[in-house]
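These are the residues of each chain, in order.
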Amino acid sequence: MERISRLANSSGFWLATVSSVLVAIVSYRFIPLGVQQGMEFVAHNLSGNALALYAHIGVAPVALALMPFQFMSVLRSRWPALHRWSGRVYVGAILVSGLAGLQLAFHTTTGAFATVGFATLAVVWLGTTGAAFYFAVNRQIARHKRWMLRSAALTFAAVTLRVYLGSSMALGADFAIAYPIISWACWVPNALLVEFYLRRAHFLKHRTT
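Every chain is numbered independently, its residues counted from 1 as its sequence is written. In keeping with the predicted nature of the model, local features appear solely for residues at pLDDT of at least 70, side-chain atom pairs appear and are counted solely at 80 or more, and the whole-chain, interface and lining totals rest on all residues. Side-chain measures were taken over the full set of non-hydrogen atoms in the model, leaving aside hydrogen atoms and water.

A look at the packing of helix 2 (residues 11-26) against helix 10 (residues 157-170)
Axis definition: a line fitted to C-alpha atoms, over the contacting stretch in the case of helices. Angles run 0 to 180 degrees between N-to-C directions. Helical segments are the DSSP runs of H or I of at least four residues, strand segments are the runs of E of at least two, and each set is numbered from the N terminus. Put simply, helix 2 and helix 10 touch, their axes get as near as 9 Å, and they point 80° apart. One element, helix 2, and the other, helix 10, form an angle in the roughly perpendicular class. Contacts between helix 2 and helix 10 involve S19, S20 and V23 from the first element and A158, V159 and R162 from the second. Angle categories: roughly parallel below 35 degrees, roughly antiparallel above 145, roughly perpendicular from 65 to 115, and oblique for all the rest. The contact definition used throughout considers only heavy atoms, calling two residues in contact when any of these lie within 4.5 Å.

This is the structure:
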């Protein structure tokens, strides 16, 4: 998995790290502003679904902020205990926010296409993260790293969703049309890109052996 270590030192990785941390911080704007003003597009969940809403918007940013640091080899080598505990917090945050996100998916106001998109994201996010945790506990480190990359791609959907949502608003797109598309676009390309990277790494490894 030397290619994953090199990936963690690339300029793209550092761009993803900065954007993940910034989005995680900005996500807490609902604390000073309130959900109605700071996150208007999900504010309808305050009526009858507030627990899931606060569980998701309050805990998911923790996973997003921690995610890039799980791939920094210097942290793993110098402070392995910190890596393990931050990884546990990452998994726990996804367990809480993923289950909450799954519930929220069934309360979207933009139709069944968006519901299925976000619900599928929640299930796959939970599944990939659970696999990464399982392989870490069982000391299958190579598999752990691969599944962590898959989990990270889905965690990064929090960033790509905001990029696409902001772009669609800037272009004057109809929210009711754009949001269901974004419910899939925010994570499917991420997942496919990581899968392509892993398959290519596997191919190159076996071609040279």
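So that's the structure; there's more coming.
Comments concerning helix 9 (residues 141-155)
An α-helical segment advances 3.6 residues per turn. Residues three or four places apart therefore align on the same side. Its 15 residues give helix 9 an end-to-end C-alpha distance of 20 Å, which sits within 8% of 21 Å, the value for a rise of 1.5 Å per residue. Buried means the residue's accessible area, taken with a 1.4 Å probe over protein chains only, is under 20% of the maximum for its type, while exposed means over 50%, and partly exposed covers the values in between. Within helix 9, the full set of buried residues consists of H144, M148, L149, R150, S151, A152, A153, L154 and T155. How far a helix is expected to stretch is found by multiplying one less than its residue total by 1.5 Å.

A few points about the nonpolar core
Of all hydrophobic cores here, the largest spans 36 residues; its most connected members are M67, F71, Y90, F118, L121 and C186. When contributions to this core are tallied by element, the ones reaching two or more residues are helix 2, helix 5 (50-66), helix 7 (80-105), helix 8 (112-137), helix 9, helix 10, helix 11 (175-185) and helix 12 (188-207). Side-chain atoms within 4.5 Å are what join buried Ala, Val, Leu, Ile, Met, Phe, Trp, Tyr and Cys residues into a set we call a nonpolar core. The next biggest cluster of nonpolar side chains, apart from the first, holds 11 residues, and it includes V35, A43, A52 and L104.

A look at the side chain of T110
In this fold, T110 is placed in the loop between helix 7 and helix 8. By relative accessible area, T110 is classed as buried at 15%. Pairs of N or O atoms are called polar contacts if they sit within 3.5 Å, as long as, within protein, a hydrogen donor faces a hydrogen acceptor (for residues adjacent in sequence, only side-chain-to-side-chain pairs). Polar side-chain contacts of T110 include one of 2.9 Å to the side chain of T108. Setting aside its immediate chain neighbours within four residues, T110 contacts F175, A176, Y179 and P180.

Describing the environment of V89
Examined against the element boundaries, V89 turns out to sit in helix 7. Judged by its relative accessible area of 43%, V89 is partly exposed. If near-sequence neighbours (up to four positions away) are discounted, V89 is found in contact with V62 and L66.

A word on helix 5
Between its terminal C-alpha atoms helix 5 stretches 25 Å, which fits the 24 Å expected from 17 residues at 1.5 Å a residue. Within helix 5, burial applies to A52, L53, A55, I57, A60, P61, A63 and L64. Those residues of helix 5 hidden inside the fold are in contact with helix 2, helix 3 (30-33), helix 4 (35-38), helix 7, helix 9 and helix 10.

Description of the confidence of the model for the protein chain
Close inspection of predicted coordinates is inappropriate for parts of the model with low pLDDT. Residue-level confidence of the predictor is summarised by pLDDT, bounded by 0 at the bottom and 100 at the top. Mean pLDDT over the protein chain works out to 92, with 93% of the residues at or above the 70 mark. No element of the protein chain has a lower mean pLDDT than helix 1 (residues 2-7), at 54, and none a higher one than helix 8, at 98.

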